[in-house]
Amino acid sequence: MELIFEQSVPGRTGISLPAIDVPEEAIESLIPAEYLRRESPGLPEVSEGEAARHFTRLSRRNFGVDTGFYPLGSCTMKYNPKVNEDIARLNGFTRVHPYQSEDTVQGCLELLYHMDRCLSELTGMARVSLQPAAGAHGELTGLMMMKAYHENRGEGHRKKIIVPDSSHGTNPASAQMAGLKLVEIKSGKNGRLDLDELKKAVDGQVAGIMLTNPNTLGLFESDIAEIAEIVHSAGGLLYNDGANANAILGISTPGDMGFDVVHLNLHKSFAAPHGGGGPGSGPVGVKEHLAPFLPKPLVEIKGDGSYYLEYNRPLSIGKVRSFYGNFGVVVKAYAYILTMGPEGLRQAAEDAVLNANFLMKRLKDYYDLPYDQVCKHEFVLSGGRQKEKGVNTEDIAKRLLDYGYHPPTVYFPLIVKEALMIEPTETENLETLERFIEAMIQIAGEVDEEPEKVRLAPHTTVVGRLDAVKAARKPVLRWKP
Amino acid sequence: MYPYLPITSEDRRRMLQAVGVEAIEELFVDIPSVMRCKGRLNLPGPLSEMEMARHMKALAGKNKNLDDNPCFLGAGAYDHYVPSIINHILLRQEFYTAYTPYQPEVSQGTLQAFFEYQTMICELTGMEVSNASVYDGASALAEAVAMACQATRRGEVLLSRAVHPEARQVVKTYSHFSSVNVKELGYQNGLTGAGEAEELINNQTSAIVVQNPNFFGALEELAKFAELAHRHKALLIVSADPIALGLLKPPGESGADIVVGEGQPLGNPLSFGGPYFGFMATTEKLMRRLPGRIVGQTADSEGNRGFILTLQAREQHIRREKATSNICSNQALCALAAAVYLTVLGKKGLRQVAELCLQKAHYTYRSLLETGKFASTFTAPFFKEFAVTGQEDAAVVNARLMENKIIGGYPLARDYPELKNALLIAVTENRTRDEIDRLVKYSVAT
Ligand SMILES: Cc1ncc(COP(=O)(O)O)c(C=O)c1O
């Protein structure tokens, strides 16, 4: 398909602008000539209709949650309610400047204040900052607070952060950015944190541990109380990567599990859309002892019931982005909480877990299931058996495209070979699950009977399998005439 | 009962049976009972769609919005016009409900749009390589500082005080934790002190960081800072206003090594501060140090052109703690809005918008000075935003403006105590002459 630049014809435009209605002056008299552009930027020249058609055609080369089943593990691709899109677009929300005086933005502040309360309740934390823009940003913010906490107690030597080998890549990367020293520990045979490994790693240098719970295998860390005890008694803190909160909302809280800090992904568990890669929102919640370190500002309420932005927070780590976070995303997630209520959120978690267990049970005869036990909202299969027959997990994923499904997350977590991480979410019905099971079984059969068909998949997409090596070897990262 | 939950009680019964358990509780036995939520959580809802919408409209109604109150507030977030087409494109479910394009064969829409976006950012900034966005302009600047320190293996930066105060705070937060030493450069007449930079730069300086137009709206002499930085084998990082780049020389041409900026002005609503996006571009030499997603062109086995996430050896999912950054999700849909915006404006439209801003801002500036109640705070050339110093407290001026349904400028004393009574006024193409005249009228006490 043509690039927009290849459709450009000099003289076309997609916008009509008003004439200048103020007395004009020569540009060169306002801006020194040496500061001015000699040539216009090479932007496309197309009419509005051509632009509309171009981007619509592009959209048809994409797969969204409304297109079909999207069991992308760890990403919680649940349905994104339409009304929330409308709500976030109310001009009382979109047409508001972040620096307006507080008395003119009471609605925004009230919403942020209540969202802090809701998320605190759901996580068992004291306060929540809505500033981080995504999960990884929440991790970084949380780790910074942990480090600041230790520094404030005169224990700045605590720089060691323990991360299991099953963790998401953002965990070690965030630790690095927070200036912490990473200690990666191996997961135990049952797919959970190995307590002996943990005890070996914990000492007086430990700042804390980062744990995803349920973990990236979809398993609940049942030893969490003991883990918390080990880390806390050594003076460390517990960070919860809450990417997998969809399994536990309304059922248990990270606070009750013993975590000191948690981030949530509103673009996963709280039905805000992922936008093809963002914007997300990664609020971070903390218990009382860490609250002074939260980014500034926080929204507070005055005696007269009005809301304000509190910047006077001397122990705060500062700011991690401008303004107050991805407000528009927070609006959608808040609308979601209102429509679900506590019972609905709990029901969602239960259905998500039921859907996952149902799929797991029905697929485990056809694919390897390295950790065969009750799962939470997702589970991880291995394509090991198929690999021995010369078909790898990537091939299986690509073949699923031909069946009209978005593939699961593949090759993650790293501790499972040929991993297929499947997360159905609660918004999928039984019929969809049955059809997906059927497709997975059929592909398993194809691996035996027509392996080439799987190896060369996909056969039905707008482009065939793309050459990643070529892309990286001689990078072409922009169009040139 | 819940419109988003299709599983019926009959389904549940059948599924539990298939799984081999009697009750849903059995699927949660791995969560110790002491950790189970007891009683009803203290949350609002559940509300029907109608009730929820009514509640949210009431909240939105408590805000004074810019449709009713013309806005002269900028300071890093601008009331530029957002063409109608953008929302229609963003609301295509194929775009907004998709995840990051991990499976390129079914994500060519997002990937090609990013490739086009990257090209546009390169064109605007005069740089060779762009990523597919980061969180916002401030975090883009912090990422750029980290990138410069990695690239030069040095641990200090010179950061102009004429850079957005919030962006400076974010740079300082990130830098504190990664042990980067931030030294601030003062300003004179609204411009970054070049002499001071000359004095402070040394063989530990990784980069000089300036903003253009800077926080005061004034235009910096970028080439001078580029020359100084390069003479000391340091980099020049420029934070730029993308609308200004319709008119101004691209920072790349002045010698910038990394160009970042707040992308909000490109087709994204103000939305009380977010979601926005940070753009980030650099040279080919530094391309492998860029954080975030980058889309590259490739082909399938039949030679059809296609696009794919590339140079992933920089990223957290491959390199973990050795990655250039921890960023995973970015601000994709906001970047798509920018791509649509720059497409419909095109070559001429962007320049026209920039000229409208320039002329209207200067008209506003002249008119305010003509009242005799305001003096120029600085005399450096500016683009769409400028500072004036009044005779009353900025809050008094703004309160009077608000009474007359006008959102006034940014009180600079908030961040610069030395700039008492100074207001930073932004004028976009969205302001009419009538609105400007009203601003001028009510800025003055009667
Ligand atoms: C377990 C886990 N942690 C962290 C992240 C990072 O979240 P985000 O992409 O919002 O930064 C993800 C998302 O892929 C994840 O699955």
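The rules behind each value
- Residues numbered from 1 in each chain as written.
- Chains lettered and ligands numbered in written order.
- Predicted model: local features only at pLDDT ≥ 70, side-chain atom pairs only at ≥ 80, totals over all residues.
- Heavy atoms only, no water.
- Helix = DSSP H or I, 4+ residues; strand = E, 2+ residues; numbered from the N terminus.
- Buried < 20%, exposed > 50% of the residue type's maximum accessible area, 1.4 Å probe, protein only.
- Polar contact = N/O pair within 3.5 Å; in protein donor to acceptor, adjacent residues only side chain to side chain.
- Contact = heavy atoms within 4.5 Å.
- Core = buried A, V, L, I, M, F, W, Y, C linked by side-chain atoms within 4.5 Å.
- Domains from an automatic or database assignment.
- Axes fitted to C-alpha atoms, helices over the stretch in contact; angles between N-to-C directions.
- Parallel < 35°, antiparallel > 145°, perpendicular 65-115°, else oblique.
- Left-handed = near helix turned anticlockwise from the far one by under 90°.
- Buried area = accessible area lost by both parts, 1.4 Å probe.
- Salt bridge = Lys/Arg side-chain N within 4 Å of Asp/Glu carboxyl O.
- Nonpolar A, V, L, I, M, F, W, Y, C, P; charged D, E, K, R; others polar.

Novice: Hey, could you go over the side chain of Thr282 of chain B for me, with residue numbers and the actual values?
Specialist: All names here are of chain B. By secondary structure assignment, the location of Thr282 is in strand S9 (residues 278-282). Overall, the relative accessible area of 0% leaves Thr282 in the buried class. Here Asp257 takes part through its backbone oxygen, which lies 2.7 Å from a polar atom of the side chain of Thr282. Ignoring sequence-local partners within four residues, the contact set of Thr282 consists of Met127, Glu128, Val129, Met147, Asp257, Ile258, Met287 and Leu290.

Novice: Run through the nonpolar core, naming residues and quoting values.
Specialist: Membership of the largest hydrophobic core comes to 81 residues, with the highest contact counts inside it found for Ile31 of chain A together with Ile208, Leu236, Tyr341 and Phe383 of chain B. The element best represented in this core is helix H11 (residues 332-370) of chain B, accounting for 18 residues. When residues of this core are assigned to domains, at least three map to each of domain 1 (85-340) and domain 2 (346-443) of chain B. Ignoring anything within four residues of it in the chain, the contact list for Tyr341 of chain B reads Tyr81, Pro83, Ile86, Ile243, Pro265, Leu266, Gly267, Leu350 and Val353 of chain B. With 77 residues, the next largest nonpolar core counts Tyr99 of chain A together with Ala53, Phe378 and Tyr416 of chain B among its residues.

Novice: Could you give me a rundown of the packing of helix H12 (residues 394-403) of chain B against helix H13 (residues 433-443) of chain B, with the residues and numbers involved?
Specialist: Residue and element names in this part refer to chain B. At their nearest, the axes of H12 and H13 sit 9 Å apart, and the two run at 130° to each other. Between H12 and H13, the crossing angle belongs to the class labelled oblique. Crossing of H12 over H13 shows right-handed handedness. When H12 is examined against H13, the residues Val397, Arg400 and Leu401 are found in contact with a partner set consisting of Leu439, Tyr442 and Ser443.

Novice: Explain the domain arrangement of chain A to me, and be specific about the residues and the numbers.
Specialist: Residues and elements named next belong to chain A. Looking at the assigned domains, one finds that chain A contains domain 1 (83-338) and domain 2 (348-455). The C-alpha-based centres of domain 1 and domain 2 are spaced at 30 Å. Contact with domain 1, which involves 23 residues of that partner, is made by 20 residues of domain 2. For the pair domain 1 and domain 2, the two sides together bury roughly 1,500 Å², of which 63% comes from carbon and sulfur. Where domain 1 meets domain 2, there are zero salt bridges. The interface formed by domain 1 and domain 2 holds five residue pairs in polar contact (both at pLDDT 80 or more) in total. When the residues that make up the side of domain 1 that touches domain 2 are grouped by side-chain class, the tally is nine nonpolar, 11 polar and three charged.

Novice: Give me the interface of chain A and chain B: which residues, what numbers.
Specialist: Each partner contributes to the interface: chain A provides 205 residues, whereas chain B provides 186 residues. In this assembly, chain A packs against chain B so that about 17,300 Å² is buried in total across both faces, 63% of it on carbon and sulfur atoms. Where chain A packs against chain B, one counts 16 salt bridges. A salt bridge links Arg40 of chain B to Glu343 of chain A; the nearest nitrogen and oxygen atoms lie 2.6 Å apart. Counting the contacts that link chain A with chain B gives 101 residue pairs in polar contact (both at pLDDT 80 or more). Looking at which element gives the most residues to the side of chain A that touches chain B, the answer is helix H11 (residues 327-363) of chain A, with 27 residues.

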